[in-house]
Amino acid sequence: MSFSLDPCLPLGTLEGGWERIQKRLPSIPLGKKNELLVVVVGGGLAGSSVAATLAEQGFQVKLITYQDSPRRSHSVAAQGGINAAKKMREDDCDGVNALFVDTVRGGDFRAREAGCRRLAEISSSIIDQCVAQGIPFARDYNGLLSTRRFGGALVSRTFYARGQTGQQLLYGAYQSLMRQVAKRRVELLPRRDVIEFIKLNGVIKGVVSRNLLNGDLEVYRAHAVILATGGYSNVYFLSTNSIKSNASAIWRAHKQGAFFANPSFTQIHPTCIPLGGDYQSKLTLMSESLRNDGRIWLPKQNHDKRDPSDISESERDYFLERLYPSYGNMVPRDVASRRAKELCDLGFGVGHDGRSVYLDFHDAIQRKGSQEIKSKYGNLLEMYERITGEDPLSTPMRIYPAPHYSMGGLWVDYNLMSTLPGLFVLGEANCTVHGANRLGANALLQCLADGYFIAPSSINSWLAGQTFLTTSREMEDACQDALESAKERIDNLINVRGDIPVDTLHRELGELMIKRCGIIRNESGLLAGLEEVRLLTQKFHQQVRIPSDIDCPNPELEKALRVADFLELAHLMLIDALSRKESCGAHFREEYQTTEGEAMRDDENYSHIAAWEYVRGSASIKHLENLSFSLLPLNKRSYK
C-alpha cells in the first residue's frame, strides 16, 4: 500500500527557510558531543567535508572508504567548475534567484523546489569557505575570481580551477579532514567496503564492512550513519565514473528499508571521448566547459568520411546553434546528448564507427589566440591528445555522449534523513535537487552544501532528540544478524563456482541497460529489458566465477558483490522508467515528445518524486512525494 511522503519542508516562505530553521535547531553540549560517534561512509567531497565539520564541532567520527586515501575518491574527476550565486563585478546580473530558476528548469521541474532554493542561497558561502582554504580558483588580471558558463545557463556563474576543480576542492576538504585526524577526532578506515547495515528497532546503528586487504568482516557501531558514496552510473559498465564506483552501500540501505527515489533518472554527458575499443573499462570525460569556446558540428551530408579540414563552412551543420539559437552549444546536457545521438543514428556521425561529433576550437583560436585557449583548458587538451593522439587545437575534438551522473538515489527529506532513522545521505547518493537532469556545475555545489552546511546542522538536531536507551544485549544481537547476513551473501557467491568472469557479465548488463534505458527509452524496449535483466541475473548466480580464497585481497569477489547489486538496481531502474509515462529531462520516452522532438512532460500525473520501497519476495511498492512550485510556476522548458 503506497502513501505520500513528508519531506519536512520549512514553514512559511521558501526564501530564507533554511536560515530560519537553523536558528531554531536544538544544540548539544560539547561534553555530550564527545560521547557520540558518527560513521561516515565515503571519502569524497561530501564525505570528507562532513566528517571534518562534525569533528570540528566535537563529535567522534569514523570515516570508511574503499580507496587507500580519500584523495583518490572520484570527486577528483569533476573538472569544469562549481556554480555559485556570488556577485564578483558591478555588471554581474546573476543572483540567488537566477541560480535557483536555472536549477529548477534544468531539472525539468522534477526536483524539490525548497531544496533548490536552499542550494542557491548557500552557494556564495561555499565559495568563501573554499577561498579561505586556499583553493586556487582562476582569477582575472585585477585579482577577482573568474567565472565561465555551463550548460543550461545564459550567465557566467561557474567558478573554476582550470580543468581540475574537483581535485582542488577535494584537497581542501582533505586538508580539513586530516587536521581532525591529527587531533584524533576522526579515525580514517581505508580499503574497506560497506556491505551491510546494523538496524535495531527500525533505527540504523552502524555498518558491517569487509576489509579488502584480509577479507575480515568488521563491525562499526554508531549513533548515526552518513552515506556519501556517490552515484551508480557504472550500472552501464562503461561510464565516466571510476571503475570502483558502485551502488552497493545505497542498495544495501534500500533493502533494509530506505526508499530509492527516481532510479531511472540518469544523465548521459555529451562531452566524452568516444569508445576506443573493447578493452576499455571506463570512458573519459571532457569538461562541459569546453563548450564555452568549442563549437559542435557534423557534416550536412551523411556518411561523409572526409577529413574535417576538407569540409567547408557551408557543408557543416552546427546543429545545436541551429536548433537552439538562444543557448546554442550551452544547452543542458540531456538536450545536447539526445540531439547528438539522433544525428549519429541517422548516419551523420563521424569517426571510424560514426559515433562521434566534432567539437571545434578553430573560431575561438582565431578570436582569442591559441595561448588563451591553452591557459583556460590546457590540462584537458593535453589529456585528450594523450588518449587520442590528436592535437585538439589543430584538429577538431571527437566527442560522444556517455553515462555520467545519477540524479536518482536514496530518498531524503529536507534534513537529508532517509526513510531509515539515523541514516543520512549526502551528495550524489541522494535524490534531492537535480530533478530529471542535473544542471552543469551543480554536483560539486551540492556535495559541499550537504557536507559543510546542511548535514552537520541536521545531524546535530536529530542526535539532540535521541535518548539511546538500547541494551548491550539487543545491540549484540543486531550486530550478529548483520554479520550473518553479510557472510551468507559472500558464501552464496563463492559457492557458485561457475566459469564466466564477473566483468563479462557486468559488460552484458551495461550493454543492455544503455540500449533499453539510456538516452532514449520506449515501452517495448523497457519490457524487453526487464526480461533480459531477469535472465542475466539468473545466469550470474549460476555461472559467475570467483576465486574461493576469501581470506586475502579478492578483487573478483569485490566486483561480484557490486554486480549482484547492480543487477537488482537495473531491474528497479527499468520498472521506474516504465511507470513514468512522460518525457522529462534525461528521461526521454519516445512515445511522449512534441512535434519538434522535445520532451513532453505530464505535470497532471507525474509532478512527483517516485520513491520505491523494497519488499522481500514481492514487487517493490511505489510511494510519491508530490511536488509543488510556488516561487517558479510550472512552465514549458525551452532553450530555443
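Every value quoted in this text rests on a predicted model; they were computed, and no experiment measured them.

Reading the values: the criteria
- Residues numbered from 1 in each chain as written.
- Predicted model: local features only at pLDDT ≥ 70, side-chain atom pairs only at ≥ 80, totals over all residues.
- Heavy atoms only, no water.
- Helix = DSSP H or I, 4+ residues; strand = E, 2+ residues; numbered from the N terminus.
- Rg over C-alpha atoms; globule rule 2.2 N^0.38 Å.
- Buried < 20%, exposed > 50% of the residue type's maximum accessible area, 1.4 Å probe, protein only.
- Contact = heavy atoms within 4.5 Å.
- Salt bridge = Lys/Arg side-chain N within 4 Å of Asp/Glu carboxyl O.
- Core = buried A, V, L, I, M, F, W, Y, C linked by side-chain atoms within 4.5 Å.
- Domains from an automatic or database assignment.
- Axes fitted to C-alpha atoms, helices over the stretch in contact; angles between N-to-C directions.
- Parallel < 35°, antiparallel > 145°, perpendicular 65-115°, else oblique.
- Nonpolar A, V, L, I, M, F, W, Y, C, P; charged D, E, K, R; others polar.
- Pairing = 2+ DSSP bridges.
- Buried area = accessible area lost by both parts, 1.4 Å probe.
- Polar contact = N/O pair within 3.5 Å; in protein donor to acceptor, adjacent residues only side chain to side chain.

K.L.:
Hey, could you run me through the overall build of the protein in this one?
P.N.:
Regarding its fold elements, the protein presents 17 helices and 21 strands. Here the C-alpha radius of gyration of the protein, 24 Å, is about what a compact globule of 640 residues would show, namely 26 Å. By residue count, 60% of the 640 residues in the protein fall in the buried class. Once local pairs closer than 6 in sequence are excluded, the contacts in the protein between residues at least 24 apart make up 74%.

K.L.:
So what exactly am I meant to see when it comes to the pattern of salt bridges here?
P.N.:
Any two side chains of opposite charge can pair, so long as their charged atoms come close to each other. The tally for this structure, following the rule as stated, stands at 48 salt bridges. Between Glu56 and Arg179 there is a salt bridge, with its nearest N and O atoms 2.7 Å apart. Taken together, the residues Glu56 in helix 3 (residues 45-57) and Arg179 in helix 6 (residues 165-182) connect sequence positions 123 residues apart. Glu56 sits in the partly exposed class, given a relative accessible area of 47%. Looking at Arg179, the relative accessible area reads 43%, which means it is partly exposed.

K.L.:
Any chance you could explain the nonpolar core here in plain terms?
P.N.:
One broad rule of soluble globular proteins: the nonpolar side chains tend to lie buried together. Ile82, Leu227, Leu423 and Met513 are the most contacted members of the largest nonpolar core, which totals 148 residues. With 14 residues, the single largest contributor to this core is helix 16 (residues 555-579). No fewer than three residues from each of domain 1 (17-265 + 407-464) and domain 3 (480-598) sit in this core. Among the nonpolar cores identified, the runner-up in size contains 34 residues, and Tyr318, Leu320, Val350 and Tyr358 belong to it.

K.L.:
Looking at this structure, how should I read the packing of helix 5 (residues 113-133) against helix 12 (residues 443-464)?
P.N.:
When two helices pack together, their arrangement is given by the angle between their axes and by how far apart the axes lie. The N-to-C vectors of helix 5 and helix 12 enclose an angle of 80 degrees; their axes lie 9 Å apart at closest approach. By the criterion of interaxial angle, the relationship of helix 5 to helix 12 is roughly perpendicular. For the pair helix 5 and helix 12, contact is made by Arg118, Leu119, Ile122, Ser123, Ser125, Ile126, Gln129, Cys130 and Gln133 and by Leu445, Gln446, Leu448, Ala449, Tyr452, Phe453 and Ile454, respectively. Of the residues that constitute the contact of helix 5 with helix 12, the class distribution is 10 nonpolar, 5 polar and 1 charged.

K.L.:
Can you walk me through the sheet that holds strand 10 (residues 224-227) in this structure?
P.N.:
Two modes of strand pairing occur in sheets, parallel and antiparallel, and in both the strands are linked by backbone hydrogen bonds. Pairing is parallel in the open sheet, where 5 strands are placed in the order 6-2-1-10-18. Edge positions in the open sheet fall to strand 6 (186-189) and strand 18 (423-425), since each of these has one partner strand only. Geometrically, the sheet is characterised by an average inter-axis angle of 20 degrees between neighbouring strands, direction not taken into account. Of the pairings in the sheet, the one linking strand 10 to strand 18 comprises 3 bridges and is parallel in character. Paired with Val225 across the bridge in strand 18 is Leu423.

K.L.:
What should I look at first to understand the sheet that holds strand 8 (residues 203-211) in this one?
P.N.:
One open sheet accounts for 3 strands, arranged 7-8-9; its pairing is antiparallel. A strand with exactly one partner marks an edge of an open sheet, and here the two such strands are strand 7 (192-200) and strand 9 (217-221). The average angle at which neighbouring strand axes cross in this sheet is 30 degrees, direction not considered. Relative to strand 8, strand 7 is paired through 8 bridges, and the arrangement is antiparallel. Opposite Phe197, over in strand 8, you have Val207 as the bridge partner.

K.L.:
Would you mind showing me how to read the domain arrangement of the protein here?
P.N.:
Much of the literature gives interface size as the accessible area that the parts lose upon coming together. Each assigned domain of the protein is listed here: domain 1 (17-265 + 407-464), domain 2 (268-402) and domain 3 (480-598). On a C-alpha basis, the centres of domain 1 and domain 2 stand 31 Å from each other. Taken together, the 25 residues of domain 1 in the interface contact 29 residues of domain 2. Between domain 1 and domain 2 the total buried area reaches about 2,200 Å² when both faces are included, carbon and sulfur atoms providing 54% of it. Considering only the side of domain 1, the residues that lose the most area to domain 2 are Gln79, Leu238 and Thr240, jointly responsible for 25% of the buried surface there. Inspection of the region where domain 1 meets domain 2 yields 0 salt bridges. Counting the contacts that link domain 1 with domain 2 gives 11 residue pairs in polar contact (both at pLDDT 80 or more). Each residue belonging to the side of domain 1 that touches domain 2 can be placed in one class, and the counts come to 8 nonpolar, 12 polar and 5 charged.

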